[in-house]
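So you can see what is in the structure, the chains are spelled out below.
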Amino acid sequence: MNRRLVASGLLAALLWHGATPAPAAAVAHTWYVNGSMAAAGTGGSCAAPDFVDVVAAVEDGDVQSGDTLFVCKGLYRLSGPLDLDGANKNLTIVGEGRTKTTLDGRNLDRVIDATGQDVSLQDLKVIQGRTDGSGGGVKAANVTLLRVAISLNRAAGDGGAVYATGNVTLTDSMVSTNAATDGDGGGIYAAGNITLTDTLVVSNSATGSGAGLYAGADITLDGADIQRNTAAADAGGAYVGD
């Protein structure tokens, strides 16, 4: 398994000349996860991954806040959430494409729990997350989705697919067939702002307001397509709260 390298030669030279080195800045690292492999390899590629279990990768002590998990193609059927909050890490999670890498919560729990952290997802699919609280698919402080499909997630509270205490930004993504069964924002709920670029929000539902989108502050749309979302209260498509 690859580990961060320390510039020991430079450090020794500085100490030899009596200089006190400045603290080294943390260097973000990319870790590879491949669930189709029987065992981890030397790291650095899908052919020889650092991890074979994506939950274990999130919890591993060598994976630091600010790092990237590259999740190789495959269906990852989770037995519990990716607990970024418990691990106290802001992570970027990247797949090989939203038709190739799928994180499946199997209707057992939410897929990503990053309640107090920021999370960025790219090039993957998030499906079948479920929670008795808020954020069936993803719960985080701030959420960024790039080329992500998030569907078939359900929350008893707010945010069937995504719940954020801050802001949510989506680009070239799709939010479909998610539900807030006793709350607002069947697709996306953000206490702050929601920004959509070239994104489809379709067939989401909420018993409250904003079946597609619910924002506490503002919603910005650029090339967004919002259709066939159903709310029992106000605004089936998009709603900005008071």
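About the cut-offs
- Residues numbered from 1 in each chain as written.
- Predicted model: local features only at pLDDT ≥ 70, side-chain atom pairs only at ≥ 80, totals over all residues.
- Heavy atoms only, no water.
- Pairing = 2+ DSSP bridges.
- Helix = DSSP H or I, 4+ residues; strand = E, 2+ residues; numbered from the N terminus.
- Buried < 20%, exposed > 50% of the residue type's maximum accessible area, 1.4 Å probe, protein only.
- Phe/Tyr/Trp six-rings, centres within 6.5 Å; stacked < 30°, edge-to-face > 60°.

Novice: Looking at this model, I keep getting lost on the sheet that holds strand 12 (residues 154-155). Mind explaining?
Specialist: Within a sheet, each strand pairs with its neighbour through backbone hydrogen bonds, oriented either parallel or antiparallel. Read across the open sheet, the 5 strands follow the order 9-12-16-20-24; overall the sheet is parallel. The open sheet has two edge strands, strand 9 (130-131) and strand 24 (230-231), and neither has a second partner. As paired strands, strand 16 (residues 179-180) and strand 20 (residues 205-206) are joined by 2 bridges and run parallel to one another. Bridged to A179 within strand 20 is S205.

Novice: Looking at this structure, I do not really get unusual backbone geometry. What am I missing?
Specialist: Note: most residues except glycine have negative phi, and most peptide bonds are trans. Phi is positive for N107, close to 60 degrees, though the residue is something other than glycine. Along the chain, N107 turns up in the loop between strand 6 (101-104) and strand 7 (112-114). Exposure remark for N107: the relative accessible area of 35% places this residue in the partly exposed category. Even without being a glycine, D172 presents a positive backbone phi close to 50 degrees. With respect to the helices and strands, the residue D172 is situated in the loop between strand 14 (168-171) and strand 15 (174-176). Judged by relative accessible area, which is 32%, D172 ranks as partly exposed.

Novice: How should the packing of aromatic side chains be read in this particular structure?
Specialist: Here a ring pair, both rings aromatic, is described through the centre-centre distance and the interplanar angle of the planes. The tally for this structure, following the rule as stated, stands at 5 aromatic pairs. Here Y32 and F70 contribute two aromatic rings whose centre-to-centre distance is 5.2 Å and whose plane-to-plane angle is 40 degrees, an arrangement assigned as tilted. Here the residue Y32 occupies a position in strand 1 (residues 30-33), and F70 occupies one in strand 2 (residues 68-71), the gap between them amounting to 38 residues. Ring centres of Y214 and Y239 lie 5.3 Å apart, and the angle between their planes is 25 degrees; on these two criteria the pair is classed as stacked. A residue pair is termed long-range when its members are at least 10 positions apart, and Y214 in strand 21 (residues 213-215) and Y239 in strand 25 (residues 238-240) qualify at 25 residues. Look at Y214 and you get buried, because its relative accessible area is 13%. Each member of the aromatic cluster is reached from another via a ring pair, and the members are Y163, Y189, Y214 and Y239.

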